[in-house]
Protein chains: 6
Amino acid sequence: VDVGVVVRDVPRADAEVVDALARHSVSTIHEAQGRTGALAAYLRPIYPGARAGGSAITVGVPPADNWMIHVAVEQCREGDLLVVAPTSPSEAGYFGELLATALKARGVRGLVIDAGCRDVAELEGLEFPVWSKCVSPFGTVKETLGTVNLPVVCAGQRIQAGDVVVADADGVVVVPRRRAADVLAACVAREEKEAVSRGRYEAGELSLDVHGMREELAQQGLVYLDRAPE
Amino acid sequence: VDVGVVVRDVPRADAEVVDALARHSVSTIHEAQGRTGALAAYLRPIYPGARAGGSAITVGVPPADNWMIHVAVEQCREGDLLVVAPTSPSEAGYFGELLATALKARGVRGLVIDAGCRDVAELEGLEFPVWSKCVSPFGTVKETLGTVNLPVVCAGQRIQAGDVVVADADGVVVVPRRRAADVLAACVAREEKEAVSRGRYEAGELSLDVHGMREELAQQGLVYLDRAPE
Amino acid sequence: VDVGVVVRDVPRADAEVVDALARHSVSTIHEAQGRTGALAAYLRPIYPGARAGGSAITVGVPPADNWMIHVAVEQCREGDLLVVAPTSPSEAGYFGELLATALKARGVRGLVIDAGCRDVAELEGLEFPVWSKCVSPFGTVKETLGTVNLPVVCAGQRIQAGDVVVADADGVVVVPRRRAADVLAACVAREEKEAVSRGRYEAGELSLDVHGMREELAQQGLVYLDRAPE
Amino acid sequence: VDVGVVVRDVPRADAEVVDALARHSVSTIHEAQGRTGALAAYLRPIYPGARAGGSAITVGVPPADNWMIHVAVEQCREGDLLVVAPTSPSEAGYFGELLATALKARGVRGLVIDAGCRDVAELEGLEFPVWSKCVSPFGTVKETLGTVNLPVVCAGQRIQAGDVVVADADGVVVVPRRRAADVLAACVAREEKEAVSRGRYEAGELSLDVHGMREELAQQGLVYLDRAPE
Amino acid sequence: VDVGVVVRDVPRADAEVVDALARHSVSTIHEAQGRTGALAAYLRPIYPGARAGGSAITVGVPPADNWMIHVAVEQCREGDLLVVAPTSPSEAGYFGELLATALKARGVRGLVIDAGCRDVAELEGLEFPVWSKCVSPFGTVKETLGTVNLPVVCAGQRIQAGDVVVADADGVVVVPRRRAADVLAACVAREEKEAVSRGRYEAGELSLDVHGMREELAQQGLVYLDRAPE
Amino acid sequence: VDVGVVVRDVPRADAEVVDALARHSVSTIHEAQGRTGALAAYLRPIYPGARAGGSAITVGVPPADNWMIHVAVEQCREGDLLVVAPTSPSEAGYFGELLATALKARGVRGLVIDAGCRDVAELEGLEFPVWSKCVSPFGTVKETLGTVNLPVVCAGQRIQAGDVVVADADGVVVVPRRRAADVLAACVAREEKEAVSRGRYEAGELSLDVHGMREELAQQGLVYLDRAPE
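Residues numbered from 1 in each chain as written. Chains lettered and ligands numbered in written order. Predicted model: local features only at pLDDT ≥ 70, side-chain atom pairs only at ≥ 80, totals over all residues. Heavy atoms only, no water.

Q: Honestly, empty space enclosed by the protein in this entry has me stumped. Any pointers?
A: Empty space among the atoms becomes apparent when a probe as large as a water molecule is rolled across them. Counted under the stated rule, the structure contains one cavity of 30 Å³ or more. By volume, the largest cavity amounts to about 90 Å³. As for the largest cavity, its lining consists of 15 residues, of which Ala64 and Ser90 of chain C together with Pro63, Pro89 and Ser90 of chain D are closest to the centre. A per-class count over the lining of the largest cavity returns nine nonpolar, four polar and two charged. (1 Å grid on protein atoms, 1.4 Å probe; cavity = no way out; pocket = protein on both sides within 12 Å on 5 of 7 lines; lining within 4 Å. Points joined across faces, edges and corners; volume = space filled by probe spheres on them. Nonpolar A, V, L, I, M, F, W, Y, C, P; charged D, E, K, R; others polar.)

Q: Even after reading the chapter, I still don't get unusual backbone geometry, so can you show me in this structure?
A: Working note: non-glycine residues mostly have negative phi, and peptide bonds are mostly trans. The backbone of Arg35 of chain D sits at a positive phi, close to 55°, despite the residue not being glycine. Turning to its location among the elements, Arg35 of chain D is positioned in the loop between helix H2 (26-32) and strand S2 (44-45). You will see that Asn149 of chain E, though not glycine, has its phi angle at about 70°, which is positive. Judged by its relative accessible area of 5%, Asn149 of chain E is buried. (Helix = DSSP H or I, 4+ residues; strand = E, 2+ residues; numbered from the N terminus. Buried < 20%, exposed > 50% of the residue type's maximum accessible area, 1.4 Å probe, protein only.)

Q: Even after reading the chapter, I still don't get the relation of the copies chain C and chain A, so can you show me in this structure?
A: Two chain copies here: they are related by a rotation about an axis and a translation along the same axis. You can overlay chain C on chain A at an RMSD of 0.0 Å; the transform is a turn of 120° with a shift of 0.0 Å along its axis. The transformation relating the two chain copies, once decomposed into turn and shift, fits a three-fold axis. Within chain C, Pro48 of chain C has its C-alpha nearest the rotation axis, a separation of 5.5 Å. (Least-squares fit on C-alpha atoms with pLDDT ≥ 70 in both.)

Q: What am I meant to see in the state of the cysteines here?
A: Among covalent bonds in proteins, the disulfide is the one between the sulfur atoms of two cysteines. Scanning the model with the defined rule gives zero disulfides over all chains in all. Summary of cysteine pairing: Cys134 of chain E is not part of a disulfide, and the nearest cysteine sulfur, belonging to Cys117 of chain E, is at 8.1 Å. Of all cysteine sulfurs in the structure, the one in Cys117 of chain E sits closest to Cys187 of chain F, which takes part in no disulfide; the separation is 20 Å. Judged by relative accessible area, Cys187 of chain F falls into the buried class, the value being 0%. (Disulfide = S-S within 2.5 Å.)

Q: Before we go on, may I ask you to explain the interface of chain D and chain E in this structure?
A: Many structure descriptions define interface size as the accessible area lost when the parts assemble. The interface of chain D with chain E comprises 36 residues on the first partner and 37 residues on the second. Interface of chain D and chain E: buried area, both sides summed, is about 3000 Å²; carbon and sulfur atoms make up 61% of it. On inspection of chain D and its partner chain E, the count reaches four salt bridges. Where chain D touches chain E, the interface holds 13 residue pairs in polar contact (both at pLDDT 80 or more). Those elements that provide at least two residues to the side of chain D that touches chain E are strand S1 (5-7), helix H3 (67-73), helix H4 (97-104) and helix H5 (120-126) of chain D. Ranked by residue count, the leading element in the side of chain D that touches chain E is H3 of chain D, at five residues. In terms of residue class, the side of chain D that touches chain E is made up of 18 nonpolar, nine polar and nine charged. Of the pairings in the sheet, the one linking S1 of chain D to strand S12 (residues 223-225) of chain E comprises three bridges and is parallel in character. Pairing of Val5 of chain D across the sheet is with Val223 of chain E, part of S12 of chain E. (Contact = heavy atoms within 4.5 Å. Buried area = accessible area lost by both parts, 1.4 Å probe. Salt bridge = Lys/Arg side-chain N within 4 Å of Asp/Glu carboxyl O. Polar contact = N/O pair within 3.5 Å; in protein donor to acceptor, adjacent residues only side chain to side chain. Pairing = 2+ DSSP bridges.)

Okay, here's the thing in structure tokens:
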């Protein structure tokens, strides 16, 4: 069964690839891997400007019990990002400033949690970014085991330890570890294409012309009128 | 039917009236037109300090399909504000930085959308304000027609092309085009009256006295006690 | 019955205790009083950095009617904090800049309201902090009586006039008046203990070791594996 | 302004057309008029088996105030259906058994309300169907005017007095009065086409073949595999 | 503190009064006690036709932990009704068929829980009614203490052990123990008055006339028009 | 990539095991497999008494597009149960009576869909059970490919084609195909144990005694008082 298990030394993607992915936006990465990988939009950053990317250390926790997050800290290393999913829905405040201090000391980049966090003023002071379902002062207990580095479903996406997770103002996206290099290449290609469009739009051109949409629109029956129909 | 139609050259309200209305707050305008016109409170600005007002260019879009927004750009001019409503509820991210770049090049003031948007960090960088139902990295397709400049229902209010739309930290309000000048006058009158109250409150007077409420309260039976009843 | 009653001159906690409590965080206070007193997490500050504490003046209001808030102003004094709860759920915008001006003139620290508020840009300008269920331009009427300084249930917690209420980025917590000094002592003790942990975590120690959790984890059956199970 | 107005003797659609439309399902009508007219899906019938259709008598009500529903009763006649929309969101219980008794005495078919209702056991006993946002024991006052038979926005759709409204287990749909006969014809045509498909499906045929979808699927690149990809 | 305490032999209201109150509807009782006492409308019966009333045995439980419900069973007697409130929000399934069997053996009338329950088909088979926030298969643990028969806040209302709680299709209402007889009398008076109105409405009279509203409406400025304004 | 792929002839669990599991309740199965496998509680049956179990045929669909459900029908056989998950959140009505007719003709047991369905009166008439996120008349298009029989995340659980899915009034649970026989055995063992408890509870015994909880409660500090503390 999946209860009370910690997997050590999971493989991560190449650090340079992870860091390069982390410089792309969540929306770009989501598009670049074929509109897959975005976590549910209810995960929001706890402070403006938050932005992070790293290799997932995954934690499965019972409702309102954060014991396994303490266990998970030891499995983290420089460049990781903690991903926490309750096994049954919870909006408790699982995470605060002390755990952030411990993770920061190990070089962890941030936290994505499908539940609540607290101490958000202190977390902003520490520059430790968190994406959570809510902010809640209701604390948790330390009584029941869970899992570290087994696969979890977090906010609608399956995440395996070592997958690349990137988060910014738009939300959170996961890239499977083995696809990281390919998705990075697709992001770069997409950004280059978008730079061209951006330049033309700034110059006042229309996407109807830049992308040649007029013919297809007409074919589907789009009608232009000079006054509104009765 | 209302599918696949673009109305060109809709009448707008007088530009000076629109700009003057845009300097009043949403709550003031809502009160000044008899407590009507406010859109549902779930529409929120994507960044702090956002504030905009303009003439509505209305777009009816299918769920998770933003093709008609591309069509609508061409109908926009200096001083307009885009209003987008899906024909069936959607929380997809219909709008991002590239469309904002195109709209900004035409002098559009902002976007009100009863659905999701993305690239919110980039939109803040561009100073292109958006009021949306949510932020979501989930993109849209370009496959099905809709309408531009036909009336839409957006977040509970009917909006016609050319109506004046103002949005700030409190939300969004619509003023029918033909009533714009009257509502502006009512806003000015209201602000003047409030300035007087404000001065008296700052000086420590009570609204009970400033507005003479004590008699009516007593008449309705308000009782003052010196300790709580058992 | 509880309709149309104002209780005057309710007892407050000692002002120094209130102010000292207000320097602790909501999460700390909640923990320090045995994980009780936190209001529902849907109450959120209307601007970043908001933080307040004071003695509760409680107001029970009908849905979409703010008349009793005007009545309550007179009962407030330096160091108070207004707590407003509708007798039936409402998301109307009960409170704005003019009422805040009046309260500020009396030294009131802020507002906690289980309903909506508006004029949030102006409230931030005034530095008058509010914790509310939502922001809404929809105003209220002044037609029906309610109560001032009778007990209310606000966002899931019972609050009596004179209780201490503290609010920050994590939410809102209430401390019964008679327990204020004891809870303050418990907060101080907790902060001291946490300062020690924080120092050890910053130095790279693990909570597993600092708090001696390893034995209990092993006893409950925690297993460490070197690769994921099939 | 739109406050305190009752419009008498609004035109209705032909009674036979209304009754014929009311025999079609909400989903069929929505499709038959080009996927328009469905109200938001949060409107739900208060008891199983509820089903109704009639000519809309529209009521605009203040939050938590049902006075105008009393006013509206007099404007109703045999074959009508009451449509109530608050001018600002409310979940109060505006409607119960006594109002239903009065409406039933006039031959009214049911109620659609973008707010709460109560006495649901008694309403089921009376066989007076209601579609509402919620069930709530919280009552309302009778203090502020509103409108009868002016256009309202109800659960995301604009409804004018005399429009045809049909409601069943799937939700609620509105058909503009002047389009009623055309939409009825489109419903009949759609039902006939569906009857043919239904017969073929019952016989075990696949929609892929009945509607010739295989070629288009292949053209878009659909691939069939005999085992899952790694 | 309020943790780990059971109060025995709490006073109940007179059994005949409780049973008589339980024959009135929740909406009637809420009105009869001055529009107070209704719990939040999100509490819904788990099966149609559910209806119950009794003396409250109150249980305060930790999130996702139902140990104290087992403790509470022993404190229940014929005519009681269990009221369960988590100290921090939870949607876990705290309650199922086995606990219902134990409560039924003691003559308990039903359960009101501000959290989830499960085994709802079996509970309907047992005719043991439950009002809950949700139905959820996610079970709970038995690890942390709570309280029995201390006051709780349940779905927005404070309930003390021995208060009368009545629940039906409209929701749940609490009547303070000492006010039970008075509220019963007010219910009876209200029902008698409503019976008169009902008879007149059935005969086709209008509430405008039965309750003489026309003058007040005219005075407030209600206008009747024969066609809609432009 | 995962777009436009159909996997044929996926392995199913033994039919007798599937049918035996389907006779156990969702809550029992969830407990029996170590409190895992339950889907989010927002999935609700569309009619009372619905109950089904079968082998999952999984469908990944775009938002508001049901084309792949048509493709999936062909992959279904006697004893299967369709599981549909959108790749981006959607509340459209993907499924109705015609698709149910086609599935019923192939012996499919029901549908679990993390989105909306419609024609619910007709589906109840057909006795084709559905568990969905909502009921919605808003239909879908047939324009974009998706997947059949690749793994999906549905309402928070990962489901692979051939896994066993059981649904009843409590919700929905998934059992991995290879664990089906073991989980069945655990269900039987659990039911036997519960039958003993049930008999003792019916006879008036307390769980405190049946399960020997009194000592542990006392040890944790549970206190019994004869009157409430001040």
